[in-house]
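These are the residues of each chain, in order.
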Amino acid sequence: MIIDDGILFRPAGHQDASILVRLYDQAARWMQKHGIEQWKPGDKDADHFRARMADGEVWLGGDCDGRVVGAYELWWSDEDAWGVQPPVAGYVHRLMVEREAAPAGAGRRLLEHAERRIARTGRERARLDCVSTNPRLLAYYQGAGYRVVGELPNKVGKDGRVYGVILLEKRLDRLSLV
């Protein structure tokens, strides 16, 4: 377990899949309520999160009472959005915050934790994508130091839905993140 500014980080295990589904569905409902066309409740099940644990990393952030306040997925490749790439980056996906329990700034701390995880592997970049119809999220990532490096206007989801994503990248200074 890693303590970071009041948030306790730990790798998710298979027993945490239902917590991750709940976090995802909660975030999806919040997005829908606020007119953000991005995630849909029920789109990610326990098998999705177990598969991400098997081929990447999934991290949970909790408070001192053991309540989960957020989570994220960390992938080591993302060919669907970025194509075949040399192993110079980690790819952050599904940054989720428990809005009722998370302290202010929890999303940024989750993102910083992901960046440190990436830097510790010797990779020099953190990458993520953001749906092109969510300017608020784009501004959030840019405020965290990410810059736009491209756009994929026709990404195809697992459900066959076609949507656009903006590709963002942040160069990591390994010395300051280790």
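Residues numbered from 1 in each chain as written. Predicted model: local features only at pLDDT ≥ 70, side-chain atom pairs only at ≥ 80, totals over all residues. Heavy atoms only, no water.

Caption draft 1: Focus on the overall build of the protein. Counting secondary structure elements, the protein contains six helices and eight strands. Across the protein, helices and strands are ordered from the amino to the carboxyl terminus as β-β-α-α-β-β-α-β-α-β-α-β-β-α. Here the C-alpha radius of gyration of the protein, 15 Å, is about what a compact globule of 178 residues would show, namely 16 Å. Considering only C-alpha atoms, the protein reaches an extent of 45 × 40 × 30 Å along its principal axes. Counting all 178 residues of the protein, 51% fall into the buried class. In the protein, once contacts between residues fewer than 6 apart in sequence are set aside, the share between residues at least 24 apart is 62%. (Helix = DSSP H or I, 4+ residues; strand = E, 2+ residues; numbered from the N terminus. Rg over C-alpha atoms; globule rule 2.2 N^0.38 Å. Buried < 20%, exposed > 50% of the residue type's maximum accessible area, 1.4 Å probe, protein only. Contact = heavy atoms within 4.5 Å.)

Caption draft 2: Examining the environment of Glu98 more closely. Mapped onto the secondary structure, Glu98 falls in the loop between strand 5 (89–97) and helix 4 (106–120). The class for Glu98 is buried, based on a relative accessible area of 8%. Once you skip the residues sitting within four places of it in the chain, Glu98 turns out to touch Arg22, Leu23, Gln26, Val68, Val69 and Gly70. Looking at Glu98, its side chain comes within polar contact range of the side chain of Arg22, at 3.1 Å. (Polar contact = N/O pair within 3.5 Å; in protein donor to acceptor, adjacent residues only side chain to side chain.)

Caption draft 3: Seen up close, unusual backbone geometry. Despite not being glycine, Arg94 shows a phi value in the positive range, around 50°. Mapped onto the secondary structure, Arg94 falls in strand 5. The exposure class of Arg94 is buried, given its relative accessible area of 14%.

Caption draft 4: Geometry of the pairing of strand 7 (residues 147–156). Strand direction decides the pairing type here: strand 7 and strand 8 (residues 162–171), joined by seven bridges, are antiparallel. Note on strand 8: the bridge partner recorded for Leu152 is Val165. Counted between consecutive antiparallel strands, the loop separating strand 7 from strand 8 contains five residues, among which Gly160 sits at a positive phi close to 90°. (Pairing = 2+ DSSP bridges.)

Caption draft 5: Molecular detail of the packing of aromatic side chains. Considering all chains together, one arrives at four aromatic pairs under this definition. A centroid spacing of 5.6 Å and a plane angle of 70° characterise the contact between Tyr140 and Tyr141, whose relative ring orientation is edge-to-face. The exposure class of Tyr141 is buried, given its relative accessible area of 8%. Cluster of aromatic residues (ring-pair linked, three or more members): Tyr140, Tyr141 and Tyr146. Taking NZ or CZ as reference, Arg99 lies 3.6 Å from the ring centre of Trp30, over its face. Taking NZ or CZ as reference, Arg108 lies 5.3 Å from the ring centre of Tyr140, over its face. (Phe/Tyr/Trp six-rings, centres within 6.5 Å; stacked < 30°, edge-to-face > 60°. Lys NZ or Arg CZ within 6 Å of the ring centre and 35° of its normal.)

Caption draft 6: The confidence of the model for the protein, seen in detail. The predicted model of the protein averages 89 in pLDDT, with 94% of residues at 70 or higher. For the protein, the element scoring lowest by mean pLDDT is helix 6 (residues 174–177), at 48; strand 5 scores highest, at 96. (pLDDT = per-residue confidence, 0-100.)

Caption draft 7: Region of the structure containing the side chain of Gln38. Mapped onto the elements, Gln38 comes out in the loop between helix 1 (17–33) and helix 2 (46–55). Judged by its relative accessible area of 11%, Gln38 is buried. Apart from residues lying up to four places away in sequence, Gln38 is in contact with Met31, Val131, Asn134, Leu137 and Arg161.

Caption draft 8: Structural detail: the packing of helix 1 against helix 2. Put simply, helix 1 and helix 2 touch, their axes get as near as 8 Å, and they point 115° apart. Classified by the interaxial angle, the pair formed by helix 1 and helix 2 is roughly perpendicular. As for the relative orientation of helix 1 and helix 2, their crossing is right-handed in sense. Where helix 1 abuts helix 2, its residues Ala17, Leu20, Val21 and Tyr24 lie against Ala46, Phe49, Arg50 and Met53. For the contact of helix 1 with helix 2, the per-class residue count stands at seven nonpolar, no polar and one charged. (Axes fitted to C-alpha atoms, helices over the stretch in contact; angles between N-to-C directions. Parallel < 35°, antiparallel > 145°, perpendicular 65-115°, else oblique. Left-handed = near helix turned anticlockwise from the far one by under 90°. Nonpolar A, V, L, I, M, F, W, Y, C, P; charged D, E, K, R; others polar.)

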